[in-house]
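Residues per chain are reported as follows:
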Amino acid sequence: MKLAQRNYYGKALTELAKTRRDVVVLDADIAKSTKTSEFQKIAPDRFIEVGIAEQNMIGVASGLAISGKTVFVSTFAVFATGRCWEQIRLAVAYPKNNVKIVSTHAGISVGEDGASHQGLEDISIMRSIPNMVVISPADAYEAYSATLALAEYKGPCYMRLGRGVFPIVTEEGVKFNIGKAKVLREGKDITLIGTGQLVSTCLDAADVLKARGINAEVINVSTIKPLDTKCIKDSVSKTRCVVTAEEHSIIGGLGSAVAEFLLGELFVPLIRIGTNDTFGESGRAEDLMKKYGLTIENIVKAAEISIFKKNYGEAK
Amino acid sequence: MDVEKIQRIANILRLHVIEMTVAASSGHPGGSLSAADIVAVLYFRVMRHDCKNPVWADRDRFILSKGHAAPVLYAALAEAGYFPVDDLKTLRQLGSNLQGHPVYKKIPGVEASTGSLGQGLSIACGIALAGKIDTKNYKVYCMLGDGELQSGQNWEAAMLASNYNLNNLVAIVDRNRLQICGDTEEIMAIDPLPEKWLSFGWNVIESDGHNINKIIAAFENVKTFRTGPTVIIFNTVKGKGVSFMENNAEFHGKVCNKDEYARALTELKRLI
């Protein structure tokens, strides 16, 4: 089954519109795409359209949060983080204001709109800001439960969601714990760490590896910051080699976060799957995922190389 | 508080500004001095606020968007009783709550973190919107530098404020005509300023920012507008109150040397 994360974000906002009087939602002229329009339908008095003005949107969100509101702001990932990075830094993160930046259309699977609209650096630039929590749910169910968790959490958060439909890999109705990763499949030979829709790709890769006699452990890291270092260390201490996979640049994303942690902890081979310091382009989502290497085959190949390095060192 | 007393307080704020920035060996005296009379009128006449209850839900809010004028804000908060006047001399020092630019929650009475120019009006809009949602009667005052208006985010906020009829929002422009590198009109012209605000749907008041009576009258005039946000453009003099600092862009971000300090103190003490 495949479902769109943003639809479930809309559903969760609907829930919040009914149960939480303190929740206010802002959007920058794409409410129908981000699905904040679902909140607007139920609580029009607590929905604020700011127009195409993301920097102002962050400032307004800051002022509302200062006044006791729990504020959700949404637009596409590129604009939600890049256009207003410094506003987020000063007006949201530094004073720890209760603002949730929830972006949609993250990653290359945005597709036809092309590079201008494909957010591939958002995790990196949000992760580098102190006080900021960074969340990247694996599927629509997790997007729903994470939205509710964000509303409970007091402080600045960034959550990225995709545009298209992603395979379901988690159970519906499970409470989302910010900062907790989850082992979805146990294995002893290698750890595959995924985030977003690449979690599903990791699970598929694990199936392929299984047929080749390799038992891969698969971890869903849906909170990239703070990273669940215990979960990762427990797994990697056992498997001694790693592949990370994300629909994001390998610079500064999940792979970097895992590498930064492991560097000081365990000397193990680690291969990062993601876009490789490049912009995307127009095309169908599935064709782009293939062209930019975000595939089952690539994860399988990386896993085999990683295992080889573990067993034989750098020699080919 | 009566006009004479406010005038005296304004000059006490100026004295603090000079002393603080000299003690810190850094800071922005010029734009703090130009804003002193307006800030004094706000804290000692216009705004409803309570230093004993800085988070009083119905208080009027003041956002210093031109955050580099922090010294005059800190001086006003201290004189208004939010924290001991003695703390002022810790400005910009390691471990002090009096950071180089205002930081939310570090000091009672500071309503937002500012210092990166162009952001304060958006934050003020958010607080004003919250006032509307919660049907509160408080007013939000946001002080902008004139050079700061070169930043586009202000105009995004200006558009939003009139679109949402934020008649609980008052923007204050400290129109001292100088920014760090010189004359605003030579660096990036912002005139005609009243027309710009008018075209964005704001009520516009122009006044003298160094005449206490006129400053009070300008804030009184805000009440005559029932709808829409209001901006007061106060014509001011950068460095006001210290002869050699007046209209001198050099003192935007430079503090007095030893001789200048002595002269400044003499001049200001004569006014108090």
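As shown above, the structure is provided for reference.
Residues numbered from 1 in each chain as written. Chains lettered and ligands numbered in written order. Predicted model: local features only at pLDDT ≥ 70, side-chain atom pairs only at ≥ 80, totals over all residues. Heavy atoms only, no water.

## Focus: the packing of helix H4 (residues 54-66) of chain A against helix H4 (residues 120-133) of chain B
For the pair H4 of chain A and H4 of chain B, interaxial distance at closest approach is 6 Å and the crossing angle is 50°. One way to sum up the angle between H4 of chain A and H4 of chain B is to call them oblique. You can see that H4 of chain A and H4 of chain B cross each other, and the crossing is right-handed. Contact residues: H4 of chain A offers Asn 56, Gly 59, Val 60, Ser 62, Gly 63, Leu 64 and Ile 66 of chain A, while H4 of chain B offers Ser 122, Ile 123, Cys 125, Gly 126, Ile 127, Leu 129, Ala 130 and Ile 133 of chain B. Classifying every residue of the contact of H4 of chain A with H4 of chain B by side-chain character gives nine nonpolar, six polar and no charged. (Axes fitted to C-alpha atoms, helices over the stretch in contact; angles between N-to-C directions. Helix = DSSP H or I, 4+ residues; strand = E, 2+ residues; numbered from the N terminus. Parallel < 35°, antiparallel > 145°, perpendicular 65-115°, else oblique. Left-handed = near helix turned anticlockwise from the far one by under 90°. Contact = heavy atoms within 4.5 Å. Nonpolar A, V, L, I, M, F, W, Y, C, P; charged D, E, K, R; others polar.)

## Observations regarding the pairing of strand S10 (residues 190-194) of chain A
Residue and element names in this part refer to chain A. Counted residue by residue, S10 has five buried out of five residues, so it is predominantly covered. Neither face of S10 is exposed, since Ile 190, Leu 192 and Gly 194 on one face and Thr 191 and Ile 193 on the opposite face are all buried. Note that S10 and strand S11 (residues 216-220) share five bridges and pair parallel. In the sheet register, Leu 192 faces S11, and the bridge partner there is Val 218. With four bridges joining them, S10 and strand S13 (residues 242-249) adopt parallel strand pairing. Bridging from a neighbouring strand, Thr 191 pairs with Val 242 of S13. (Buried < 20%, exposed > 50% of the residue type's maximum accessible area, 1.4 Å probe, protein only. Pairing = 2+ DSSP bridges.)

## Things to note about the sheet that holds strand S5 (residues 99-104) of chain A
Residues and elements named next belong to chain A. Taken together, the seven strands give an open sheet; going across it, the order is S3-S2-S4-S5-S7-S6-S12, and neighbouring strands pair in mixed fashion. Lying at the two open borders of the sheet, with one neighbouring strand each, are strand S3 (47-49) and strand S12 (223-225). Direction aside, neighbouring strands of the sheet carry axes that sit 20° apart on average. The pairing of strand S6 (residues 133-135) with S12 spans two bridges and is antiparallel. Paired with Ile 135 across the strands is Thr 223, a residue of S12. The strands touched by helix H1 (residues 5-19) are strand S2 (23-27), strand S4 (70-76), S5 and strand S7 (157-160); relative to S4, the strand with the most contacts, the crossing angle is about 160°.

## Quick word on the environment of Asp 58 of chain B
All names here are of chain B. Locating Asp 58 in the fold gives a position in the loop between helix H2 (29-46) and strand S1 (61-64). Judged by its relative accessible area of 31%, Asp 58 falls in the partly exposed class. Spatially, the C-alpha atoms of Asp 58 and Asn 137 are 6.9 Å apart, while their sequence positions differ by 79 residues. Residues in contact with Asp 58, not counting those within four places in the same chain, are Arg 48, Lys 136 and Tyr 138. Among the polar contacts made by the side chain of Asp 58, one reaches the side chain of Lys 136 at a distance of 3.3 Å. (Polar contact = N/O pair within 3.5 Å; in protein donor to acceptor, adjacent residues only side chain to side chain.)

Structural measurements only, silent on function.
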